[in-house]
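Understanding the architecture of this molecule
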Amino acid sequence: MLESVAMKDEDSDAARIRTAVYEDARPIYRLIRGHSDALLLRPLSNVLENLDRFLVAEAPGGEVVGAICYGLWPEIGDELRTSAELQSVCVDAAWRRRGVGRRLVLAQIGRLRALHVGQIVVLTYATDFFASLGFREIDKHAIMYKLYTGCVNCPKHEDPFTCPERAMALGAEAPAP
Ligand SMILES: CC(C)(COP(=O)(O)OP(=O)(O)OC[C@H]1O[C@@H](n2cnc3c(N)ncnc32)[C@H](O)[C@@H]1OP(=O)(O)O)[C@@H](O)C(=O)NCCC(=O)NCCS
C-alpha cells in the first residue's frame, strides 16, 4: 500500500526528496522555527549535529519546502528492538496536501526499516496524517523514557500527560490508549 501511494506523487513539479547536506541546515532550522506551534524547536547547532538524520523536500526552484528527522531510543524496546522516533516533520504551508509530507515519512520509514528498528513512534497533533500512513495511537506510558528525557524539557506544557500531542506508532503491537 505504501509503495503505491508514494508513486502517485511523482510528477514534474513535485518536490524531490533527498538526504540533507550542510547547505540545508539553515533552511531546515528556519522551517522548524516557522512551525513552533506544532514542533519542538531545535537550535541550529542541533540541526548541524543531526544533519545526517534529516531528509529534505526540495522544490524544483531549489528551495527546501519540507524536512524530517529521526531519533533512536534503544531505551524504549531493547538492543534488538530499538524504537525510532520521527521528529521535525514539516512541510511549508504553500506545499501542503500535495503528498510531500507522505513522501518524506515513507522515505524516512525506508531508512529506519533498513536499520531493523522495532517500531517507529511519533508524538503529534497531525493524527489523521499519520493514521493515513498506518500509524496507530499508543498509550504514552509505553514511551516513558522519551517523555522524561525529551518532553519534560519542553516549555509548552508542564506535564507530558497534559500535553495534547498524541503518541502514535507503526510496526509494533501497540497497547490501546
Ligand atoms: C502534517 C504535515 C507534515 C502534512 O504534510 P502534507 O505534505 O500536507 O501531507 P500530505 O499531502 O502528504 O498528506 C497525506 C495525507 O495525510 C492526510 N492529511 C494531511 N494533512 C491533513 C490535515 N490537515 N487534515 C487531515 N488529514 C490530513 C490526508 O489523508 C492526506 O492525503 P490526501 O491529501 O490525499 O487526503 C503538514 O501539514 C505540516 O507540516 N504540518 C505542520 C507541522 C506538523 O504538525 N508536523 C507534524 C508533527 S510530528
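Since the structure is predicted, the reported quantities are computational estimates derived from the model, not experimental observations. (Residues numbered from 1 in each chain as written. Predicted model: local features only at pLDDT ≥ 70, side-chain atom pairs only at ≥ 80, totals over all residues.)

Side note on the site of the ligand
- Neighbouring the ligand are 20 residues, the closest being Ala38, Arg96, Gly101, Arg102 and Asp128.
- Taken together, the residues of the shell around the ligand sort by class into 10 nonpolar, five polar and five charged. (Near = placed C-beta within 6 Å. Nonpolar A, V, L, I, M, F, W, Y, C, P; charged D, E, K, R; others polar.)

A look at unusual backbone geometry
- Within the chain, serine 88 stands out as a residue other than glycine whose phi angle is a positive 50 degrees.
- Counting through the fold element by element, serine 88 comes out in strand β4 (residues 83–91).
- The exposure class of serine 88 is buried, given the 23 C-beta atoms found within 10 Å.
- The phi torsion at arginine 97 lies on the positive side, around 60 degrees, for a residue other than glycine. (Helix = DSSP H or I, 4+ residues; strand = E, 2+ residues; numbered from the N terminus. Buried ≥ 20, exposed ≤ 12 C-beta atoms within 10 Å, placed from the backbone.)

Examining the confidence of the model for the chain
- Averaged over the chain, the pLDDT score is 89; the fraction of residues at 70 or greater is 90%.
- Contacts for the low-pLDDT stretch residues 1–9, under 50 throughout, to residues beyond four places or in other chains number eight contacts. (pLDDT = per-residue confidence, 0-100. Contact = placed C-beta atoms within 7 Å.)

Some words on the environment of arginine 103
- Summarising the element assignment, arginine 103 is placed in helix α4 (residues 100–114).
- With 25 C-beta atoms counted inside 10 Å, the residue arginine 103 sits in the buried group.

Topic: the environment of leucine 72
- Residue placement: leucine 72 occurs in strand β3 (residues 64–73).
- Note: C-alpha distance between leucine 72 and serine 83 (11 residues apart in sequence) is 6.0 Å.
- Once you skip the residues sitting within four places of it in the chain, leucine 72 turns out to touch Thr82 and Ala84.

Observations concerning the pairing of β3
- Within β3, seven of the 10 residues are buried, which leaves it mostly tucked inside the rest of the structure.
- Alignment of strand β2 (residues 55–58) against β3, held across four bridges, turns out to be antiparallel. If you follow glutamate 58 over to β3, its bridge partner there is valine 64.
- Taking the residues that link successive antiparallel strands as the turn, the β2-β3 hairpin has five residues, and the phi of glycine 62 there is positive, at about 105 degrees.
- In terms of strand pairing, β3 meets β4 through seven bridges, oriented antiparallel. By the bridge assignment for β4, glycine 71 is matched with glutamate 85. (Pairing = 2+ DSSP bridges.)

Quick word on the pairing of β2
- Two strands pair when backbone bridges link them, and strand β1 (residues 16–19) and β2 are joined in this way by four bridges, in the antiparallel orientation. Considered in β2, the bridge of arginine 18 is made with valine 56.

A closer look at α4
- Taking 1.5 Å per residue, 15 residues should reach 21 Å; α4 reaches 21 Å between its end C-alpha atoms and fits that length.
- When α4 is considered as a whole, its buried residues turn out to be Val100, Gly101, Arg103, Leu104, Val105, Gln108, Ile109 and Leu112.
- Note on α4: the residue one or two positions beyond its end, histidine 116, has a positive phi of about 60 degrees. (Expected span 1.5 Å × (residues − 1).)

Quick look at the sheet that holds strand β6 (residues 136–137)
- In space, the seven strands of this open sheet follow the order β1-β2-β3-β4-β5-β7-β6, with mixed pairing throughout. With one partner strand each, in any of the chains shown, β1 and β6 form the two edges of the open sheet.
- In the packing of helix α2 (residues 25–33) onto the sheet, the strands contacted are β2, β3 and β4, and the crossing angle to β3 comes to about 85 degrees.
- The strands that α4 touches are β1, β2, β3, β4 and β5 (119–124); relative to β3, the one it contacts most, it runs at about 30 degrees. (Axes fitted to C-alpha atoms, helices over the stretch in contact; angles between N-to-C directions.)

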